[in-house]
Amino acid sequence: MSRNTPHIPLVLAALLAPACVEEVTVPEPEPLVEAELGDERQIQLRFLRLDAKDFVQELSLEDIKERFPEKILRETWLLDMDLEPLIRNALLTLIATPELDVPQLPRSAQNMWKLLNMTAKSTSLDGTTLAPLIGVGEAVGLGPATILADLIAVDPNEPIITVDLTTRAVIDNVVTTHPNAQFRPGPVDAEHPDGKYPVAPGSLPVSLWDVVTDFAEMPLRFGPADSGEPAHPGFIGGEFKFKATTPDFKMVVKVDLNALPYKGLDLTDGTVANVNSTKSQILSAFDFTSDDWMAIEGLVPALVVEEMTMTIAEDPAFVASGASQTPAPLGDSPVWDLPRWLFERLIAEVAVARAAAIPAHCSEYGPKGQVDPPFIAVQACIGQGAYDGDAFDPEAEAPEHWTSIAVDDSVVLDSPPPPPSYFWDVLLEVAQVRLHDGGLKEGEGDISFTLKDVPVGTTVDQLVSQIKGNIQKNPAALSAIAELLNENTEGRADFYYYVPKLDNDPELQGDWLYFVTAADIENDDDGAPVRPYGYKKPGFFRDSGLKDKASAVIAIDGDTSHEKVKIAEGDVLYLLDDEQRLFKLVVDAKPAPHSVALTVTRAR
């Protein structure tokens, strides 16, 4: 339906019954003539009220999709979907993949499965600087898993990289850094002049547009983003199937409003115009104290992402681990200069978080059997111990998480023990080597795994509550909903006539003129204003120089946005239209109750 087509409001139409009438001929309207300088016209405006109490309207998914402008759909924010439970469930689903089924996964997903299942006992140290631990263990009669597990202070069968740490790292480093996960579109206002609103960290902003399109844009919106330097590679690739609605979906809204438009004046040609009354009533149209002001029906009983492909990109080159304690507190690995969303940086961040749970300690190992005095062949320390020349002192001070493995010179090894480094440097190397198992070359290890039927972690009741709460806070969405019930703007009014309700204080009762705001301008089918708000000095003035303002923004019947002036017979007012033409208004004798007569003259 075109918003420029005059029509009877839906609420009013419901009151009219069909009847047999004689056919009438509607004369062609006379062409409109723009007011020239000095032109004087007599105008009458009437105020009519038709209060619709508890008017109920049901909006299907198709109604919303077809009748809401796309701009409003995109700007009607429903919730920020917390990704923490979704990503945790996704990783838990991957980690729980039976070992027999792992070979059927893509190679990079297999390697991610190995990393998530990596324990001190199961991990392979081949190809890393920790490989000499194998020889160390053999020399002292211990498996390398024991030394590694003691160093990390875990059971040999306990995962080194936990799902909780990985989930948090993915959110903080991959999701939150994406431009479209930082801001969402919304209506332009004084606090958001660019129409951008912050998104809760670690969340995907969900709009009414996403719901009516079954989230079809998610892979595009959260795929590669070319804004920013360097460009973010995205984290959703391939399919994203998430349907929140059933064919029975509907929004049921209940409103109390004056169903008739306000009568106003287009100063350009002196014609009486209709101003939609909905926006000025929006604060009182919905009874938010009653839970049934809106009902949402037809959501799926269990919110599940049917299919989702997550991606994490790797750096095209092997990233060296650090070998120095400086710069503090992370060392000199180039990984800290990489974008946060790359696999290598992600693993380094996970390792830093993992290190926080490891107490400073030293573990000592000697050969089996009794040796007097005890012979210490190997010392594995973290957070303490340092070399003094060639000798290792386990009691010496060391930076937090600095890792040293000292082997007595009498122990013969095929290769030297790993050099001292921070714990995260150790884990970074192991993770990179294991990522490329199976012949993957550097740059071919981008992680991509498709998961199915992953619970979102939000119940239907929670979703409904969030949707209602966020729409309640969004005047543009409320107006869009209410205007579907009451589309009645016609013409280009510069101001309109209003009579406050009788329950107002006596000083507020009477006849008022309201200067239009940007919200009063009619929107086209795309939700864009049909004309710019070109008023340089909105309001009413007592003098032609527009120095003595007669109007003010005061609260009447819930309206707190319009410049208003109370009028009486004999008042003289001046105002500019949107083309900066000056007009003089003289208030004449009232022709009838709830009516005003004005003499309008173009003064400049």
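What counts, and at which threshold
Residues numbered from 1 in each chain as written. Predicted model: local features only at pLDDT ≥ 70, side-chain atom pairs only at ≥ 80, totals over all residues. Heavy atoms only, no water. Axes fitted to C-alpha atoms, helices over the stretch in contact; angles between N-to-C directions. Helix = DSSP H or I, 4+ residues; strand = E, 2+ residues; numbered from the N terminus. Parallel < 35°, antiparallel > 145°, perpendicular 65-115°, else oblique. Left-handed = near helix turned anticlockwise from the far one by under 90°. Contact = heavy atoms within 4.5 Å. Nonpolar A, V, L, I, M, F, W, Y, C, P; charged D, E, K, R; others polar. Buried < 20%, exposed > 50% of the residue type's maximum accessible area, 1.4 Å probe, protein only. Phe/Tyr/Trp six-rings, centres within 6.5 Å; stacked < 30°, edge-to-face > 60°. Pairing = 2+ DSSP bridges. Expected span 1.5 Å × (residues − 1).

Caption draft 1: How the structure looks around the packing of helix H12 (residues 343-355) against helix H13 (residues 423-435). The interhelical angle for the contact between H12 and H13, taken along N-to-C directions, is 140 degrees, at an axis separation of 9 Å. The pairing of H12 with H13 is recorded here as oblique in orientation. Handedness of the H12/H13 crossing: right-handed. Counted together, Phe343, Glu344, Ile347, Ala348, Ala351, Val352, Arg354 and Ala355 of H12 and Phe423, Trp424, Leu427, Leu428, Ala431, Gln432 and Leu435 of H13 form the full contact between these two elements. Here the contact of H12 with H13 is built from residues that sort into 12 nonpolar, one polar and two charged.

Caption draft 2: Unusual backbone geometry, seen in detail. Across the junction of Thr326 and Pro327, the peptide omega takes the value -5 degrees, indicating a cis bond. One can find Pro327 in the loop between strand S12 (304-312) and H12. Cis geometry is found at the peptide bond from Ala328 to Pro329, where omega equals 0 degrees. Within the element layout of this structure, Pro329 appears in the loop between S12 and H12. Its identity as a non-glycine residue notwithstanding, Asp557 has a phi of 50 degrees, on the positive side. Relative to the assigned elements, Asp557 resides in the loop between strand S22 (552-553) and strand S23 (563-567). When its relative accessible area of 19% is taken as the criterion, Asp557 is described as buried. Phi angles above zero are rare outside glycine, and His594 is one such case at about 55 degrees. Looking at where His594 falls in the secondary structure, it is placed in the loop between strand S25 (582-587) and strand S26 (595-602).

Caption draft 3: Representation of the packing of aromatic side chains in the model. This model, assessed by the stated rule, comprises 19 aromatic pairs. Judged by centre distance (6.1 Å) and plane angle (15 degrees), the ring pair of Phe47 and Tyr262 falls under stacked. Placement of the pair is Phe47 in the loop between strand S1 (40-46) and strand S2 (51-60) and Tyr262 in strand S9 (residues 262-266), with a sequence separation of 215 residues. Grouping residues by exposure puts Phe47 and Tyr262 together as buried. Summarising the aromatic geometry, the rings of Phe47 and Tyr498 are spaced 5.2 Å apart at their centres and angled 80 degrees between planes, so their arrangement reads as edge-to-face. Of this pair, Phe47 sits in the loop between S1 and S2 while Tyr498 sits in strand S20 (residues 495-498), and the two are 451 residues apart along the sequence. In terms of burial, Phe47 and Tyr498 fall into one category: buried.

Caption draft 4: Quick look at the packing of helix H4 (residues 83-95) against helix H5 (residues 107-116). Where H4 contacts H5, the two axes come as close as 9 Å, and the packing angle between them is 95 degrees. Classed by the angle they form, the pair H4 and H5 counts as roughly perpendicular. Residues Leu91, Leu94 and Ile95 of H4 form the contact with H5, whose participating residues are Ala109, Met112, Trp113 and Leu116. Classifying every residue of the contact of H4 with H5 by side-chain character gives seven nonpolar, no polar and no charged.

Caption draft 5: The arrangement of the sheet that holds strand S19 (residues 447-455) in detail. Reading across the sheet, the three strands line up as S7-S12-S19 and stay open at both edges, with antiparallel pairing between neighbours. Looking at strand neighbours, the two that pair on one side only are strand S7 (236-241) and S19, the edges of this open sheet. When strand polarity is set aside, the average angle formed by the axes of neighbouring strands in this sheet is 10 degrees. Note: S12 against S19, eight bridges, orientation antiparallel. By the bridge assignment for S19, Ile312 is matched with Ile447.

Caption draft 6: Highlighting H12. With 13 residues, H12 ought to run about 18 Å at 1.5 Å a step, and its terminal C-alpha atoms sit 18 Å apart, in line with that. Most of H12 sits out of view: 11 of its 13 residues are buried. Turning to H12, its buried residues are Phe343, Glu344, Arg345, Leu346, Ile347, Ala348, Glu349, Val350, Ala351, Arg354 and Ala355. On its buried face, H12 sits against H5, helix H7 (144-152), helix H8 (163-175), S12, H13 and S19.

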